[in-house]
Amino acid sequence: MEYMSRLLQRMQQNHNFNHHSRCAKLALTHLTFADDILLFARGEKSSVDMMMKTMHTFYNSTGLGVNTSKCNVYFGDVSEEEKQNILVSTGFNEGQLPFRYLGVPLTSKKMSLNHYLPLIERILNKIHHWSAKLLSMAGRIQLVKSVCTAIASYWLQCFPIPKCVIHKIHFVCHTFIWTGGETNSSKSPVAWDTVCKPIKHGGLGIIHLEMWNQVTMLKLLWNLSKKQDCLWVKWMHSYFIKEQNLMNIEVTMGASWIIKGVMKARNRINDILSYWNSSITSQKFSLGSAYKVLYSDNNFVAWYDLIAGNMARPRAVTYLWLTCHRRMATKDRLAKWGIIGDVQCCLCHEIENIDHLFFECSKLNQIWRDVLSWLCVDYLPSPWNVELQWLITYCSGKGKKAWIMKIAIAETIYHCWLFRNVVCFGNRIDRNTTDIVNNIIEAIIHRSWHSRRYREYTAHLMLHT
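Residues numbered from 1 in each chain as written. Predicted model: local features only at pLDDT ≥ 70, side-chain atom pairs only at ≥ 80, totals over all residues. Heavy atoms only, no water.

Participant: Summarise the overall build of the protein; cite the residues concerned and give the values.
Facilitator: Tallying secondary structure elements over the protein gives 21 helices and 6 strands in all. Here the C-alpha atoms of the protein give a radius of gyration of 31 Å, more than 25% beyond the 23 Å that 2.2 N^0.38 yields for 465 residues. Along the longest, intermediate and shortest principal axes, the C-alpha atoms of the protein span 90 × 50 × 45 Å. By the burial criterion, 44% of the 465 residues in the protein qualify as buried. Long-range contacts, defined as pairs at least 24 residues apart, comprise 62% of the intrachain contacts of the protein with a sequence gap of at least 6. Just so you have it, the protein exposes about 24900 Å², and 51% of that area is on carbon and sulfur atoms. Treating the 53 positive side-chain charges of the protein as one cloud and the 34 negative ones as another, the clouds have centres 4 Å apart. (Helix = DSSP H or I, 4+ residues; strand = E, 2+ residues; numbered from the N terminus. Rg over C-alpha atoms; globule rule 2.2 N^0.38 Å. Buried < 20%, exposed > 50% of the residue type's maximum accessible area, 1.4 Å probe, protein only. Contact = heavy atoms within 4.5 Å. Areas by Shrake-Rupley, 256 points an atom, 1.4 Å probe, with all protein chains shown as cover. Lys, Arg positive; Asp, Glu negative; His and termini not counted. Charge placed at Lys NZ, Arg CZ, Asp CG, Glu CD.)

Put into structure tokens, the structure is as follows:
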């Protein structure tokens, strides 16, 4: 393709060739990516014929020809007679905007909602395949983090996405996380805005796409001010900015919808002013760092250390996170929603709520006491509102005891919840908790043994028993 570029540059020296009206200042005739090429010229037969002659020269030299069935010509403000002459000369088909290039649609007008359907359908196709698998909630959360948001993020870095499209993607993702499918059949235990917060603010760290789109627009704005070697930036300075102050330039009604979206990002600079100034100095703008600054606040949750760095199984950590939010589907919550009428605990016949299950209930209290005994911790379990404060204090350090305790509480809550569900809905008659305690201890040993730093302490606990 380098040889092709040299041929096109040589072609420009012919005074009979006329550039596209928006390419003349940069002498831009083509863009290439791998074996794809976009050619630009004024909508007249003479200029197009010169390009076709150049392509023929390239074919004679390399043997690489043009497949006319795969090529299209896109016109703008060209007479019908001139169109027909160009189509006959090239043998190409007339194309219609938008068309897909590098995975995103290209168009001269603001895209309608229908143009975003491929993005939504692609995410739905991923969810359709995931629904066939027996994924836990933790697995669904991880897949949304790594796949769904990554698919959307590529589009978000190209142009501003309408809020209604982002809300649709959010709806698809949160429905999949809570139900495992495409239809919303139940209430969401935790609001989506909370789920998208960083872990230290009580969320799960899923990217909030609306906020991410604002950051990507800030990145494009930063590129306009500092990244002078980029072709797009050069084009913007040549045809739009024209040596004006980027921060004060007035956006006209005739400006592109993408330019309007980028310029609108100037309103958010004050929200990340310190980072913006440092990025100007360091000549580096990080999307991740800017997102953290834009989304950060001082409302840290006290139980952050229980979730962050917890080496328990992801599904167990997820249930611990729900418990810290007091959003487990206990009978008192289900009764408020009108789903059930009986609110008695199926293990001890007291009123079932989050404080009762963890750990006022005699059965579950005994399970946690046995686990604490194995950990050589002399402590009498309390209701969850008190227990959580004790756990926060106990796990505030970085020692081996705090590290093991975080695993222990996550695995205990998970197994206690499973035990409660089996008794309530599985008609389990044998309510012996010995097997439950053994399963929790085995999980603690299995998860902690992978760390050499804490393996010796884990072996000490095993020998103690």
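Anyway, onward from the coordinates.
Participant: Just give me the short version of the environment of His170, but keep the residues and values in it.
Facilitator: Examined against the element boundaries, His170 turns out to sit in helix H6 (residues 163–179). Not counting chain neighbours up to four residues away, the residues in contact with His170 comprise Trp192, His208, Leu209 and Glu210.

Participant: Describe the packing of helix H1 (residues 2–11) against helix H2 (residues 45–62), naming the residues involved and giving the relevant values.
Facilitator: For the pair H1 and H2, the least separation of the axes is 10 Å and the interaxial angle reads 145°. Both H1 and H2 take part in a crossing whose hand is right-handed. Residues Tyr3, Met4, Leu7, Leu8 and Met11 of H1 pack against Met50, Met51, Thr54, Met55, Thr57, Phe58, Ser61 and Thr62 of H2. Class assignment for the residues of the contact of H1 with H2 results in 9 nonpolar, 4 polar and no charged. (Axes fitted to C-alpha atoms, helices over the stretch in contact; angles between N-to-C directions. Left-handed = near helix turned anticlockwise from the far one by under 90°. Nonpolar A, V, L, I, M, F, W, Y, C, P; charged D, E, K, R; others polar.)

Participant: So what's going on with the confidence of the model for the protein? Which residues, and what values?
Facilitator: Where the model shows low pLDDT, its predicted coordinates should not be examined in detail. Confidence along the protein averages 89 in pLDDT terms, with 97% of residues attaining 70 or more. When pLDDT is averaged over each element of the protein, helix H14 (residues 314–324) comes out on top at 96 and helix H4 (residues 117–131) at the bottom at 81. (pLDDT = per-residue confidence, 0-100.)

Participant: Describe the pairing of strand S1 (residues 30–33), with residues and values.
Facilitator: Pairing of S1 with strand S2 (residues 36–39), which is carried by 4 bridges, proceeds in the antiparallel orientation. Counterpart to Phe33 in the pairing with S2 is Asp36. Hairpin geometry of S1 and S2 is characterised by an intervening segment of 2 residues between the two adjacent antiparallel strands and by a positive phi of about 55° at Ala34. (Pairing = 2+ DSSP bridges.)

Participant: Which residues make up the pattern of salt bridges, and what are the values?
Facilitator: Using the criterion set out here, one finds 7 salt bridges in the structure. Ionic pairing is found between Arg268 and Asp271, a salt bridge with its closest N-O pair at 2.5 Å. You can call Asp271 partly exposed: its relative accessible area is 41%. (Salt bridge = Lys/Arg side-chain N within 4 Å of Asp/Glu carboxyl O.)

Participant: So what about helix H21 (residues 452–464)? Which residues, and what values?
Facilitator: With 13 residues, H21 ought to run about 18 Å at 1.5 Å a step, and its terminal C-alpha atoms sit 19 Å apart, in line with that. Burial in H21 covers these residues: Tyr454, Tyr457, Thr458 and Leu461. Taken end-on, H21 shows its buried residues confined to a sector of 105°, consistent with a single buried face. Seen from the buried face of H21, the exposed residues on the opposite side, beyond 90 degrees, are Arg452, Glu456 and Leu463. On its buried face, H21 is in contact with helix H17 (362–374), helix H19 (400–425) and helix H20 (434–448). (Expected span 1.5 Å × (residues − 1). Arc of directions from axis to C-beta.)

Participant: So what's going on with the packing of aromatic side chains? Residues and values would help.
Facilitator: What the rule picks out here adds up to 18 aromatic pairs. Aromatic pair Phe358 and Phe359: ring centres 5.5 Å apart, planes at 75°, arrangement edge-to-face. Residues Phe358 and Phe359 agree in their burial class; the two are buried. Following the ring pairs from residue to residue traces out a cluster consisting of Tyr116, Trp155, Phe159 and Trp257. The residue whose ring lies beneath Lys25 is Tyr239, and the NZ or CZ to ring-centre distance is 4.9 Å. (Phe/Tyr/Trp six-rings, centres within 6.5 Å; stacked < 30°, edge-to-face > 60°. Lys NZ or Arg CZ within 6 Å of the ring centre and 35° of its normal.)

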